[in-house]
Amino acid sequence: MKKVLVTGGAGFIGSNYVHYHSEKYPEDKLYVLDKLTYAGNLPNIQTLVDAGKVVFVKGDIADLEFVQELFKAEKFDTVINFAAETHVDRSIIDPGIFVETNIVGTHNLLLASRENNVSRYHQVSTDEVYGDLGDSGEGFFTEDTPLAPNPPYAAAKASADLLVRSYYETYKFPVTISRCSNNYGPYQFPEKLVPFFFKLANEGKPLPVYGDGKNVRDWLYVVDHCKAIDLVVQSKNYGEVYNIGGHNEKSNIEIAHLILKFLGQDETLITFVEDRKAHDRRYAIDPTKIGKDLGWQPGVKFEDGIKMTFEWYKNNQAWVDEIKNRVLVGDEKTGRQPNG
Ligand code: NAD
Ligand code: TYD
C-alpha cells in the first residue's frame, strides 16, 4: 500500500488519472489536493470520494505553509503534480496566477516532498515548453529539443520543469517529468478547443477559429496519457524526461469539421477570428523514448477516441452547462461573452 498524492485531481486529466489509478491499484491510499479553481470540478471524482477510495483535500499548492503541514501530517510516498493553470488564452490576459500556481506551487511541492522523504515525485508537463515547430510540417519534439516556450502558460510550465530538474541534479531527488501533446476526452473544461467547439456547434453558434485555422496540434486520448504517466511513475528512471504523443496531427479547422459533421451542423458556422498572440503553429511529439524504455504505445485510435469523446459530450450536456455557466457568464478574465 502506498500513499499517493494527486494534485489537480479534480481537473480534466487529473480526474481521469485518479479513476485509472484507483482501478489499477485499489490497495493504494489515494489523496487529491485541489484548489477547485474555475477548472476544478469535484463531481468528476465524487463517486470515488463517496466510496472511500479517495481522500479529497481542498487547498492551494502555492500556499507553502499549508502544503508543508499537509505533507508532514500525511507522509506521502508518491506525489504526481497535475495542478496548474492551463489555458493559454487566460495566460495572455493574466499571467500572474500562472507564475503563482505553475512555478511557485511546483516548487512548494518539491520542497515539501524533499523535507518529508517522499520517495517519488512526478511532474506532469506539456509539449508546449518546446515552443513552435513552424510551418514546414517537418520535424518532431524530442526530449533533447531545447525549451523555447512562447505564451506565459508555456513559459511557466517550462520554469517548473527546470526546478524539477534542478532537484534531481542538485539533491538526486527521485523526480521524473512527462511532456504530453494535446489531450482530448471526457471531463475537459469547455474552454479548450474540442469541448468548446462541440458546445457551440451543438447550440448552432459560430465556432471562432483563430487565424487561418491551419495551426496543428498532436491529439492523444486522455486515458493513453494516464497510462503513460503510470509507466513513468512505476519506473525508477529518476531525472528522466519522457515525451508522450500518438502521431495524430490535426489542424484546428479539421477538428472543427469533424465536430460539425458529427452533429450534422452546417459548415457556415466556422468563423475566422483574430489570431491568438504568440500562437504556435505546430506541435508534434516524437514518442520513441517512452516506447523503447517503458513499452508505452497509444491504445486508442484517433477515429475511435474522438467519436467516444463526442458521444460523451452529447450525453453529458448537463455537466457541460453546469461547469461552463458557473464560470463564463460575465467572466472578466477572458473577456468572453457568455457561451463564447
Ligand atoms: P485543468 O485546467 O482541467 O485542471 C487543473 C486542475 O488544477 C483543476 O482541478 C484546478 O482546480 C487545479 N488547480 C489549479 N490551480 C491550483 C492550485 N494553485 N492548487 C491546487 N490545485 C490547483 O488542466 P488539465 O488539462 O487537466 O491539465 C493537467 C496537467 O496536465 C497540467 O499540468 C497541464 O499543464 C498538463 N497538460 C495538459 C494537456 C492538455 O491537453 N490539457 C496536455 C499536456 C499536459
Ligand atoms: P487549446 O484547446 O486552447 O489548446 P492549446 O492552446 O494548449 O494547444 O487550443 C487548441 C488550438 O485551437 C490552438 O491552436 C488554438 C485553437 N483555438 C481556436 O482556434 N479557437 C478557440 O476558441 C480555442 C479555444 C482554441
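Residues numbered from 1 in each chain as written. Chains lettered and ligands numbered in written order. Predicted model: local features only at pLDDT ≥ 70, side-chain atom pairs only at ≥ 80, totals over all residues. Heavy atoms only, no water.

Visitor: What am I meant to see in the packing of aromatic side chains here?
Guide: Each aromatic ring pair is summarised here by two numbers: the centre-to-centre distance and the angle between the ring planes. All chains considered together, the criterion is met by 20 aromatic pairs. Relative to phenylalanine 76, the ring of tyrosine 31 lies with its centre 5.1 Å away and its plane at 75°, an arrangement referred to as edge-to-face. Linking tyrosine 31 in strand 2 (residues 29-34) with phenylalanine 76 in the loop between helix 3 (64-74) and strand 4 (78-81), this pair joins segments that are 45 residues apart in sequence. Overall, the relative accessible area of 3% leaves tyrosine 31 in the buried class. Take phenylalanine 76: its relative accessible area is 2%, and that puts it in the buried class. Of the aromatic side chains, those joined through ring pairs into one cluster are Tyr187, Phe198, Phe262, Phe310, Trp312, Tyr313 and Trp319. For arginine 114, the ring lying beneath its charged end belongs to tyrosine 171, and the centroid distance is 3.6 Å. Sitting over the ring of tyrosine 283, arginine 217 keeps its end group 4.0 Å from the ring centre. (Phe/Tyr/Trp six-rings, centres within 6.5 Å; stacked < 30°, edge-to-face > 60°. Helix = DSSP H or I, 4+ residues; strand = E, 2+ residues; numbered from the N terminus. Buried < 20%, exposed > 50% of the residue type's maximum accessible area, 1.4 Å probe, protein only. Lys NZ or Arg CZ within 6 Å of the ring centre and 35° of its normal.)

Visitor: How do you make sense of the sheet that holds strand 2 when you look at a structure like this?
Guide: Pairing between the strands of a sheet is mediated by backbone hydrogen bonds and can be parallel or antiparallel. Read across the open sheet, the 7 strands follow the order 3-2-1-4-5-6-11; overall the sheet is parallel. Each edge of the open sheet carries a strand with a single partner, namely strand 3 (54-58) and strand 11 (241-244). Direction aside, the axes of adjacent strands within the sheet are offset by 20° on average. Note: strand 1 (residues 3-7) against strand 2, 5 bridges, orientation parallel. Residue pairing in the sheet places leucine 5 in a bridge with tyrosine 31 of strand 2. (Pairing = 2+ DSSP bridges. Axes fitted to C-alpha atoms, helices over the stretch in contact; angles between N-to-C directions.)

Visitor: Mind showing me how you'd approach helix 1 (residues 12-24) here?
Guide: In an α-helix, one turn spans 3.6 residues; hence positions three or four apart end up facing the same way. In this model, helix 1 (13 residues) spans 19 Å end to end at C-alpha, consistent with the 18 Å of a helix rising 1.5 Å per residue. In terms of residue burial, helix 1 counts as a mostly covered element, since 10 of its 13 residues are buried. When we look at burial in helix 1, the residues that qualify are Phe12, Ile13, Gly14, Ser15, Asn16, Tyr17, Val18, Tyr20, His21 and Ser22. (Expected span 1.5 Å × (residues − 1).)

Visitor: Explain the confidence of the model for the chain here, please?
Guide: For any part of a model where pLDDT is low, the fine detail of the predicted coordinates should not be relied upon. Mean pLDDT over the chain works out to 95, with 96% of the residues at or above the 70 mark. Counting contacts from residues 329-340, a segment whose pLDDT is below 50, to residues more than four positions away or on other chains yields 28 contacts. (pLDDT = per-residue confidence, 0-100. Contact = heavy atoms within 4.5 Å.)

Visitor: How should I be thinking about the side chain of aspartate 28 in this particular structure?
Guide: Along the chain, aspartate 28 turns up in the loop between helix 1 and strand 2. Among buried charged residues, aspartate 28 stands out as having no salt bridge; its nearest opposite-charge side chain is lysine 2, 6.2 Å away. Once residues lying within four places of it in the same chain are set aside, the contact partners of aspartate 28 are Met1, Lys2, Val4 and His21. (Lys, Arg positive; Asp, Glu negative; His and termini not counted. Salt bridge = Lys/Arg side-chain N within 4 Å of Asp/Glu carboxyl O.)

Visitor: For this particular structure, what's the right way to read helix 9 (residues 252-263)?
Guide: The first and last C-alpha atoms of helix 9 sit 17 Å apart over 12 residues, in line with the 16 Å expected at 1.5 Å per residue. Among all positions of helix 9, only Asn252, Ile253, Ile255, Ala256, Ile259 and Leu260 are buried. Angularly, the buried residues of helix 9 cover 160° about the axis, an arc narrow enough to put them on a single face. Tucked into the core, helix 9 has its buried residues touching helix 7 (193-202), strand 8 (207-210), strand 9 (216-218), strand 12 (249-251), strand 13 (270-273) and helix 11 (302-315). Directly after helix 9, the chain includes glycine 264, whose backbone phi takes a positive value near 65°. (Arc of directions from axis to C-beta.)

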